[in-house]
Amino acid sequence: MKQFAYHTILAFLIFATGSLSAQNTAVVTGTILDKMPDAPIEDVEIKIKSTPYATISDRNGNFEITNIPPGEYEIIFSHIGYEKLKMGVLLATGDLRRMDVVMEPKTKVLKEVEIHSKRFEEAPYSIEHISKPVIRQSTRKDIGDFLREVPNLSGVRKGGSGVDPVVRGFKFKQVAVVVDGATKIEGGCPNRMDPAVSHVSIMDVENMEIHKGPFALRYGPNFGGLINLQTTRPVSYSEYQMHITAIKGFESNGNGNTEHLSINGGNDRVYYMLSGNHRKFKDYTAGNGQRVNAGFTKYNYKVQLGTEPFIDHRLLVSYDRSYGRNMDFPALPMDERSDDTKIYQFEYDIDNISEKFRRITIRLYNSDVHHIMDNKQRPFSDTVIAVSDIRANNMGGRLEAAFDLFNNDLFLGMDFEQIEKNGERVKNFILQPNLPVKTEMLWNNAEITNTGFYTLWESKRKDYTLNISGRVDMNSANSGKLLLENMMGKPVYENDDTDSRHFNYSLSAGILYTFSKNLDIGFSIGRATRSPDMTERFIVLLPIGYDNYDYLGNPQLDPEINNEADLKIGYRTENLGLLQAGGFFSYVQDFITGREVPPAVVKPQSKDVVGVKEFYNADHVYLYGYEFGWYSPDWSGLNISVTGAVTYGVNPESIKYIVENGEVVGQQTLKNDPLSEIPPFESNIKVKYSMFNRKLIPVAGVRLVASQNKVSQAFYEQETPGFVLADFRLAYEFSEELIIHAGVKNIFDKAYYEHLNRRIIGSNAPLYEPGISFFINMTVNL
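Residues numbered from 1 in each chain as written. Predicted model: local features only at pLDDT ≥ 70, side-chain atom pairs only at ≥ 80, totals over all residues. Heavy atoms only, no water.

A. Spotlight on the pairing of strand β2 (residues 45-48). Burial of β2 is one-sided: the residues I46 and I48 facing one way are buried, the residues E45 and K47 facing the other way are not. One ladder, built from 3 bridges, connects β2 with strand β3 (residues 54-56); its direction is antiparallel. Across the sheet, the residue bridging to E45 is I56, located in β3. Two successive antiparallel strands, β2 and β3, enclose a turn made up of 5 residues, where S50 displays a positive phi of approximately 65°. (Buried < 20%, exposed > 50% of the residue type's maximum accessible area, 1.4 Å probe, protein only. Helix = DSSP H or I, 4+ residues; strand = E, 2+ residues; numbered from the N terminus. Pairing = 2+ DSSP bridges.)

B. Molecular detail of a nonpolar patch on the surface. Residues V270, L305, V317, F346 and L364 make up a contiguous nonpolar surface patch of about 380 Å² in total accessible area. With respect to the helices, strands and loops of the structure, L364 is situated in strand β24 (residues 357-374). Residue classification places L364 among the partly exposed residues on the basis of a relative accessible area of 45%. (Patch = residues over 30% accessible without salt bridge, like charges linked within 9 Å, V, L, I, M, F, W, Y side chains within 5 Å. Areas by Shrake-Rupley, 256 points an atom, 1.4 Å probe, with all protein chains shown as cover. Salt bridge = Lys/Arg side-chain N within 4 Å of Asp/Glu carboxyl O.)

C. Representation of the sheet that holds strand β33 (residues 540-542). If you walk across this open sheet you meet the 4 strands as β33-β34-β38-β37, and the pairing is mixed. Either end of the sheet is taken by a strand with one partner, and the two such strands are β33 and β37 (592-597). Each strand of the sheet is rotated relative to its neighbour by a mean of 35°, with strand direction disregarded. (Axes fitted to C-alpha atoms, helices over the stretch in contact; angles between N-to-C directions.)

D. A look at the sheet that holds strand β9 (residues 127-131). Read across the open sheet, the 4 strands follow the order β9-β14-β15-β13; overall the sheet is mixed. The sheet terminates laterally at β9 and β13 (175-179), the two strands that pair on one side only. Going from strand to strand, the sheet's axes swing by 15° on average, the running direction of each strand aside. Alignment of strand β14 (residues 205-212) against strand β15 (residues 225-231), held across 7 bridges, turns out to be antiparallel. In the sheet register, K212 faces β15, and the bridge partner there is G225.

E. Broad picture of the confidence of the model for the protein. When pLDDT is averaged across the protein, the result is 88; 94% of the residues are at 70 or more. Here residues 1-23 is a poorly scored stretch, pLDDT under 50, and it has 20 contacts once near neighbours within four places are set aside; other chains count. In the model, residues 107-119 has pLDDT below 50 throughout and makes 41 contacts with residues more than four positions away in sequence or in other chains. (pLDDT = per-residue confidence, 0-100. Contact = heavy atoms within 4.5 Å.)

F. Seen up close, the packing of aromatic side chains. One pass over the structure, following the stated rule, counts 18 aromatic pairs. A ring pair is formed by F723 and Y752, whose centres lie 4.6 Å apart and whose planes are at 40°; its orientation type is tilted. In this pair, F723 sits in strand β44 (residues 723-733) while Y752 sits in the loop between β45 (738-745) and β46 (773-781), placing the two residues 29 residues apart along the sequence. Residue F723 shares its accessibility class with Y752, and that shared class is buried. Of the aromatic side chains, those joined through ring pairs into one cluster are F585, Y622, Y624 and Y648. (Phe/Tyr/Trp six-rings, centres within 6.5 Å; stacked < 30°, edge-to-face > 60°.)

G. Seen up close, the domain arrangement of the protein. If you check the domain split of the protein, you get domain 1 (5-103) and domain 2 (225-781). Measuring from the centre of the C-alpha atoms in domain 1 to the corresponding centre in domain 2 gives 40 Å. (Domains from an automatic or database assignment.)

H. Main features of the environment of G771. Secondary-structure assignment places G771 in the loop between β45 and β46. Taking the C-alpha atoms as reference points, G771 and K750, separated by 21 residues in sequence, lie 6.0 Å from one another. Ignoring anything within four residues of it in the chain, the contact list for G771 reads N253, T285, A286, G287, K745, N746, D749 and K750.

I. Spotlight on the environment of R358. Among the structural elements, R358 can be located in strand β24. When the C-alpha positions of R358 and D404 are compared, they lie 6.7 Å apart, and in sequence the two are 46 residues distant. Excluding its chain neighbours within four sequence positions, the residues that come into contact with R358 are L33, D100, I350, D351, N352, I353, A402, F403, D404 and D409. Among the polar contacts made by the side chain of R358, one reaches the side chain of D100 at a distance of 3.2 Å. A polar contact is formed between the side chain of R358 and the side chain of D409, at a distance of 2.6 Å. (Polar contact = N/O pair within 3.5 Å; in protein donor to acceptor, adjacent residues only side chain to side chain.)

What follows is the structure in structure tokens.
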């Protein structure tokens, strides 16, 4: 801290006086960032033309050139993966000139680099970065399915697609999902068959950022983790160019077909990208030979147009139209018949406004989801046919200003989000045609509005990185009357007290300290507040939980509060590579869960449920866990990685309802009951060997998952067995224009299911994962 105080005082004196009278030369300093992910770029060569003055940017993107004589110069920034940049500067005696630079990635790089936790992130808390080459090689069906490969990430599977991400045991709206740092999507289904990640094609994603913990507060309220999906963007060129990427993939189990086509081009003033994707899978076969209803069809097209109307100004508008058809969800009461989504995005950036005013960022968006589902493929559809039609709209924006404050980064911003949801379920009684068609409101003009203001201060020095962040949120919600009537038109349940308002605040702070060139230690603490979501506030008697209960929303819920501390350690050597480990402890106040409502108050309305639960705020629960990883250096083309992670969750006092003959007959208080739907310990081992100048790369992987015996008695959660899987893939680069990926998943045809997979509807049978599957992908770049 003495060194920190020293640097702060020195920077203040420099700024206040504007010169160093003891020197007759100038200094140029700054930070170099990637244009799209806004991440620092290491190893950029900075050279002052026609002089011996030059340097290289460090791992934080920072650089400094000292002892420069006064004069007018041209500074050249160059990097093998980025377009060369030239900037003019006039230096006077004693100048301390800061130049923050944004560089554009080259559209055609000799070798794409895989990034997947292979270096210790320069942040006090855990962030996972996953790059496009890794994503393109995965052959996963959607983003949620892919994210299960990341340590301490898992997902709730209910069908063939639409896996719902879980981060360190936090799930649903406890995990924030944003697209391109701002855009948010609200799914239509009360049972979350269409979570936010399901509305973005995995083939359109350039990079994934997973921020673990409640520390990233720039992108809206963040409770237990944040997933930032950075999509592929068009880039400008010095002169007109056009490039085409085409991908064709096939997977044997499920007869799955994947197609992708993108065209990008333009010049230095106007640039564009047109892209489209198509995926169609049929039912797959599990390792025990069981056929699983998991077919789906998804396709989309996206149009993006960018321009640079002035120097350091960038404008980008985009329109993404996606479709889902006939998606099977055997663990839910209904299947998705159609899902039509429209996403509009507007982005405007202004850089280098002044020496201290670095950037203004404007983001506006609107996402509209039209979701239709029915039970026509269920055994009981010969009695009642139900069709649900839901519209969900999420609109908002983000305004941010970035400053250089005494050689530190300061971000000030505000964001806005408005969610609107409306939908109904229509029931036709097949065996009783004389009965009238029954219409039930699932969402009755429900609305949630959130306005937030935030700040982030970040100081990067040679020995440490220090972050302090905070935000306040004003959250309000309302809905039409919560009402469900019987066939006689009499209310089964009604509640017109639906208005609520919350004022929330969140804080976080962290430091990453470099003790030596080999050792880094990071520590972060945070307090994050999350207001209840649509389901927790306004759902009316639907079976949406893990247990067999109809659930009721509670408009008067209090916000949840997550108090968390994280520790991470990174140790690296030239011979052994990188070893990193970390742990976290989370104390959640006002935890939102369900408790039984007596039948005298309201009776269940769904088939095979045993009662009704209403959401309420329990006192507190806590979660804790750890993660570790070892990433070898490049041993003559050989790379090995070993990762592992586990999370535990405990409810100090919960209630178990005793069920006999399908009815609740009593209750029991449990002490230290495990939280439900917490994944077990998992470890992954990968071995990669690069041959023939990286043209041929075989990769073998083993995944070891422990049995989960720490299950919730209160939720009648079932234990699940452990399993071991083996995969193999091969990448061959015929040329820069043609790349082939092929391999086999689940080599030994293991019959297995994840702990978070929901049970087949109407039974205790597990939803099995696919058995052995062969795949091949071909990528053509022109």
